[in-house]
Amino acid sequence: MDDFGVYAVFGVNGPPQKLLSAEGSSRVRVAVPPSVRQVVLFSSGRWGERICVNAELSDSDRMPITIGKLTPYNKCLSWEQWEEETWIDSVTLNVSLEGGNLSTKPEVIMAVKEYTPKDTAAPPAARELHGKRKREQTAEEEEGNDWTKRREEENTCPNATTEKTTPVRKVRGQAKGSQKLFASGAETTKLKGAGGKAAEMQGTVGRTPPQSAVRTKSRQAKAPTHTAPLASPSGRWGQTLCPIDAQTAILIGGQGARMQFCKDPMWKLCTEDVSWVAAETLAEGPTPEARIGHTAIYDPDSRRIFVFGGSKNKKWFNDVHILDTQSWKWTMVEAQGKVPPLAYHSCSMFQGELFVLGGVFPRPNPEPDGCSDSLYIFDPRLSIWYQPIVTGDKPSPRSGHSACVMQERKIYVFGGWDTPVCYNDMYMLDLGLMEFSAVKTTGNPPSPRSWHGSAVLSDTKFLIHGGYNGNNALSDAFVFDIDTNSWTEVSAPELSVPRAGHSIITMETAGHRCFSEEDEDADMNGGRTLLVFGGGDNEGNFYSDLTTVAVEELLGAI
């Protein structure tokens, strides 16, 4: 007997309600009452050949608020209204089953069973108490809204098109008030309107960057409730792309249009034929919750990916998730020691340990979020966090910076921001001495920026590309030489599209197999290609294109 079923609980007092069964429809839509502030979805019974259950909370325009997935290894999901900014009223839960012997029955539209307490008699003073409590609650909500606005100054997507007041960011060397951070709707019009004809740009998700942006005030088209399976990742920013071998990389997380977290959070990239495979259901165990601003780093010795931190709206993470790429199984670490919830930090792997620097962290009400200047180290063998003793001239607090490990003994930290200052300075951490020092550079340095991309090109050189300067996404590229401490700006048509929050890695790809033996960097870059994925342009566009540039081409341009 097939006893499989999917159930939902609406609200803290609601009874479990059966949505899917072995004999029923494989698709169900449920209108969630406005009074419900929590939804729990879970499965019961044997999964058999079934692959997953897709769940989506959508608003009245059928735009996703949040998404999730039940699998044989992750059998429960829960959502609360305070976690989702766009969860207001008229919310719909859409549930669909994949795999197994799917029913051909049409989609079922259901109503939530209202919960009625057995004893509805109110105490004598209930009305007075209720009125007082309501006034107190209103005051708390108003205070909470003020706190939320302050906190969102740090934890907001620079590509967002929401009509919120934008905090001011100052770039060193510029006059006060000259830059706007997170320019939105009307403010973008004002900034661009100095030329006369710039209008508000529609938020879009594009597989490839547009050659000529068409500006319009029309509303974004509604997304259908059910879409065909994607052949490649949707447009996003703030994701991670982590190489695990010479020709494979794993994409995790990210955020797309209308500040919605991606419904396809995990993909596997094969560079041999430049193909994508949806990978969320390939791995066992509890997958990381949707997030942005996290880090993912691969340890070649243990062949595991370590995912740390990030944020989701007003929710912050300090958890460590590990994906074993041999068994394809997720585990969540119960680590000892203390590390704060962080997002937009940097994470570097050195001798099997994770070096986490900087990032945004939440502060208690009513303080705004802050940036960290601390270094935390995670030891996977002992599952413990600790703070090392570090000397020297360390970087000021910042987030959205980059960190490159060079010659297995130095970490170079560049850029980032801490409201309202944006940086273009460089620091080096000597991993042998555990000493920071400011790097005095020569040449033409990049302008101040954060959320840029970086990648090691050779034993002595790394690349900085794009980013966000507090007003615009950038498209310029620079190579830094650690031998001479010099910057060189490089030009490549493939890197000409402005983007921030994108991913850059170097890997083997077909067609780039050899390089001149006369080049000093040939031993490392021979046959290697720079891959650039995703990001946003701060105009509402989020990219899903995969751009490739030969490493030898970039080094040859110096």
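Residues numbered from 1 in each chain as written. Predicted model: local features only at pLDDT ≥ 70, side-chain atom pairs only at ≥ 80, totals over all residues. Heavy atoms only, no water.

**A few points about the overall build of the chain**
Now for step 1: A tally of regular secondary structure across the chain gives four helices and 41 strands.
Now for step 2: Each of the 558 residues in the chain was classed as buried or not, and the buried ones make up 51%.
Now for step 3: Put simply, 61% of the contacts in the chain that link residues at least 6 apart link residues at least 24 apart.
Now for step 4: With an accessible surface of roughly 26,000 Å², the chain has 50% of that area assigned to carbon and sulfur atoms. (Helix = DSSP H or I, 4+ residues; strand = E, 2+ residues; numbered from the N terminus. Buried < 20%, exposed > 50% of the residue type's maximum accessible area, 1.4 Å probe, protein only. Contact = heavy atoms within 4.5 Å. Areas by Shrake-Rupley, 256 points an atom, 1.4 Å probe, with all protein chains shown as cover.)

**Focus on the pattern of salt bridges**
Now for step 1: Counted by the stated rule, this structure contains 15 salt bridges.
Now for step 2: With its nearest N and O atoms 3.7 Å apart, the salt bridge here joins Lys 461 to Asp 481. Taken together, the residues Lys 461 in strand 35 (residues 461-468) and Asp 481 in strand 36 (residues 473-481) connect sequence positions 20 residues apart.
Now for step 3: The partner of Asp 545 in a salt bridge is Arg 499, and the shortest N-O contact between them spans 3.0 Å. In this pair, Asp 545 is assigned in the loop between strand 40 (541-543) and strand 41 (546-550) and Arg 499 in the loop between strand 37 (486-490) and strand 38 (503-508), connecting sequence segments 46 residues apart.
Now for step 4: With a relative accessible area of 6%, Asp 545 lands in the buried category.
Now for step 5: Among the residues examined, Arg 499 registers a relative accessible area of 2% and is labelled buried.
Now for step 6: Several salt bridges converge on common partners, so that one network encompasses Glu 289, Lys 312 and Lys 315. (Salt bridge = Lys/Arg side-chain N within 4 Å of Asp/Glu carboxyl O.)

**Looking at the confidence of the model for the chain**
Now for step 1: Mean pLDDT for the chain: 79, with 75% of residues reaching 70 or above.
Now for step 2: When pLDDT is averaged over each element of the chain, strand 32 (residues 435-438) comes out on top at 98 and helix 2 (residues 185-192) at the bottom at 31.
Now for step 3: Below pLDDT 50 for its whole length, residues 161-207 participates in 124 contacts with residues either more than four positions away or in separate chains.
Now for step 4: Within the model, the stretch residues 210-227 combines pLDDT values under 50 with 30 contacts to residues more than four positions away or in other chains. (pLDDT = per-residue confidence, 0-100.)

**Focus on the sheet that holds strand 2 (residues 17-21)**
Now for step 1: With antiparallel pairing, four strands are arranged side by side in an open sheet as 2-1-4-7. One side of each edge strand has no neighbouring strand; the edge strands of this open sheet are strand 2 and strand 7 (76-80). The sheet shows a mean angle of 15 degrees between the axes of neighbouring strands, taken without regard to direction.
Now for step 2: Here five bridges tie strand 4 (residues 38-44) to strand 7, and the two strands are oriented antiparallel to one another. By the bridge assignment, Phe 42 is partnered in strand 7 with Cys 76. (Pairing = 2+ DSSP bridges. Axes fitted to C-alpha atoms, helices over the stretch in contact; angles between N-to-C directions.)

**Focus on the packing of aromatic side chains**
Now for step 1: Taken as a whole and judged by the stated rule, the model has 19 aromatic pairs.
Now for step 2: Plain terms: the ring middles of Phe 478 and Trp 487 are 6.4 Å apart, the flat faces sit at 90 degrees to each other, and that makes the pair edge-to-face.
Now for step 3: Accessibility expressed as a relative area gives 3% for Phe 478, which makes it buried.
Now for step 4: Judged by relative accessible area, Trp 487 falls into the buried class, the value being 4%.
Now for step 5: Taken together, Tyr 412, Phe 414, Phe 462, Phe 478, Phe 480 and Trp 487 form an aromatic cluster joined through their ring pairs.
Now for step 6: The ring of Phe 317 has Arg 291 lying over it, and the distance from NZ or CZ to the ring centre is 3.9 Å. (Phe/Tyr/Trp six-rings, centres within 6.5 Å; stacked < 30°, edge-to-face > 60°. Lys NZ or Arg CZ within 6 Å of the ring centre and 35° of its normal.)

**Details of the pairing of strand 37**
Regular strands have side chains that alternate between both faces of the sheet.
Now for step 1: Summarising the sheet, strand 33 (residues 442-443) and strand 37 pair through two bridges and their orientation is parallel. Residue pairing across strands places Gly 443 opposite Trp 487, the latter belonging to strand 37.
Now for step 2: The pairing of strand 36 with strand 37 spans five bridges and is antiparallel. Pairing of Asp 481 across the sheet is with Ser 486, part of strand 37.
Now for step 3: Hairpin connection between strand 36 and strand 37: a loop of four residues separates the two successive antiparallel strands, and Asn 485 in this loop has a positive phi of roughly 55 degrees.

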